[in-house]
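Here is what each chain is made of, one letter per residue.
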Amino acid sequence: MDRKKQSLTRRLFQAAFFALTNGYVRGFTEGKIYKGSLKRLCVPGLNCYSCPGALGSCPIGSLQAVLDGGKFRFSAYVLGLLMAFGTLFGRLVCGWMCPFGLVQELLHKIPFPKKRRNLPGHRVLVYLKYLVLVLFVIVLPLGIRDRFGLGKPWFCALLCPSGTLFAGIPLLLKNPAMRQTLGGLFALKLSLLLLFLLLSVLTYRPFCKYVCPLGAFYGCFNRVSVSRMRVDPEKCTRCGACRAACGMDVKVWESPNHAECIRCGACKAACPAGAITSTFDELRASYKKRTAKE
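Residues numbered from 1 in each chain as written. Predicted model: local features only at pLDDT ≥ 70, side-chain atom pairs only at ≥ 80, totals over all residues. Heavy atoms only, no water.

**As for the environment of Leu-81**
Within the secondary structure, Leu-81 is located in helix α4 (residues 76-89). In this structure Leu-81 comes out as partly exposed when scored by relative accessible area, which is 22%. Sequence separation between Leu-81 and Pro-59 is 22 residues, and the spatial gap between their C-alpha atoms is 8.1 Å. (Helix = DSSP H or I, 4+ residues; strand = E, 2+ residues; numbered from the N terminus. Buried < 20%, exposed > 50% of the residue type's maximum accessible area, 1.4 Å probe, protein only.)

Below is the structure:
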């Protein structure tokens, strides 16, 4: 599959997955949040619970909701789902199923005089998302509580630009009374959203690279997940075409399952020697071989 066809296929899947998981149209038209039984389920990507169209819950938001609830210190359900998604897909979730990832990629298509491969300090900044995961998702919700013994979903409340874009802004547009309560916190979150949107024009998926705690979590599973990339050492010429095509700047020939890889498939489409495959390619080939024998 050539690069343009591969990219189009992924874009269509991302759009379809967004439509599937945010299919509560009435929420967008009336400015109301869906609160039906489907909200008990977590979707794989960073998809805000409060998005008017959201049919499921964000796993990061759900994990914080349990941790800061005062009654439970551990959520086997949410953590189990996160581990299941990670074990099956790794960061393929980021590359194929995350709405905010799609937004960043589309913005990166906007022409700009000088695009940057990475932001200054990239080698250090890539570890920031692990700090965000530990501090804002786990430590603060568990450690800081009010007089009723309740904590706060700190990442959602202070940092998440996806929540601001897909939940905060649509709800404010449809609910005039909410606009009367705006203050400094919303101004901060709106500023962070605008910062990441502007940076997305300059560099590829900056929020995913440097800040997203969900990407940090899934990245820990990349080397062991069912979905993996493989490089055939006999075919690979180490020409660097894969890295040139990789928006996450991974040296694919050295570490095809690096924690930064989002399984977008651009490296595979760019490889002139056909040295890069995925586990899905192997499963497809095995299925074709089996059916041919039958």
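**Section: the state of the cysteines**
By definition, a disulfide links the sulfur atoms of two cysteines through a covalent bond. Applying the stated criterion to the full structure yields zero disulfides. We note that Cys-51 lacks a disulfide partner, and the nearest cysteine sulfur, in Cys-48, lies 7.1 Å from it. Classification of Cys-51 by relative accessible area gives buried; the value is 0%. The closest cysteine sulfur to the non-disulfide-bonded Cys-236 is located on Cys-242, 6.4 Å from its own sulfur. (Disulfide = S-S within 2.5 Å.)

**Digging into the packing of aromatic side chains**
Given two aromatic rings, one states the distance between the centres and the angle between the planes to describe the pair. Using the criterion set out here, one finds nine aromatic pairs in the structure. Consider the rings of Phe-100 and Phe-207, whose centres lie 5.5 Å apart with planes at 90°: the pair is edge-to-face. Of the two residues, Phe-100 sits in helix α6 (residues 99-108) while Phe-207 sits in helix α13 (residues 206-210), which places them 107 residues apart along the sequence. Each member of the pair, Phe-100 as well as Phe-207, carries the same accessibility label: buried. Summarising the aromatic geometry, the rings of Tyr-127 and Tyr-130 are spaced 6.4 Å apart at their centres and angled 40° between planes, so their arrangement reads as tilted. Among the residues examined, Tyr-130 registers a relative accessible area of 22% and is labelled partly exposed. Three or more aromatic residues link up through ring pairs in this structure, and these residues are Phe-13, Phe-17 and Trp-96. Directly above the ring of Tyr-49 sits Lys-39, whose terminal nitrogen or CZ lies 4.0 Å from the centroid. The aromatic ring of Trp-154 is capped on one face by Lys-152, whose charged end is 5.2 Å from the ring centroid. (Phe/Tyr/Trp six-rings, centres within 6.5 Å; stacked < 30°, edge-to-face > 60°. Lys NZ or Arg CZ within 6 Å of the ring centre and 35° of its normal.)

**Examining the confidence of the model for the protein chain**
Averaged over all residues, the pLDDT of the protein chain equals 92, while 95% of them reach at least 70. Model confidence for the protein chain, summarised as mean pLDDT per element, is weakest for helix α17 (residues 279-293) at 78 and strongest for α13 at 98. (pLDDT = per-residue confidence, 0-100.)

**Some remarks on unusual backbone geometry**
Phi is positive for Arg-205, close to 45°, though the residue is something other than glycine. The residue Arg-205 is located in the loop between α12 (184-202) and α13 in this model. You will see that Asp-249, though not glycine, has its phi angle at about 60°, which is positive. Here Asp-249 is to be found in the loop between α15 (241-245) and α16 (266-270). Asp-249 sits in the buried class, given a relative accessible area of 15%.

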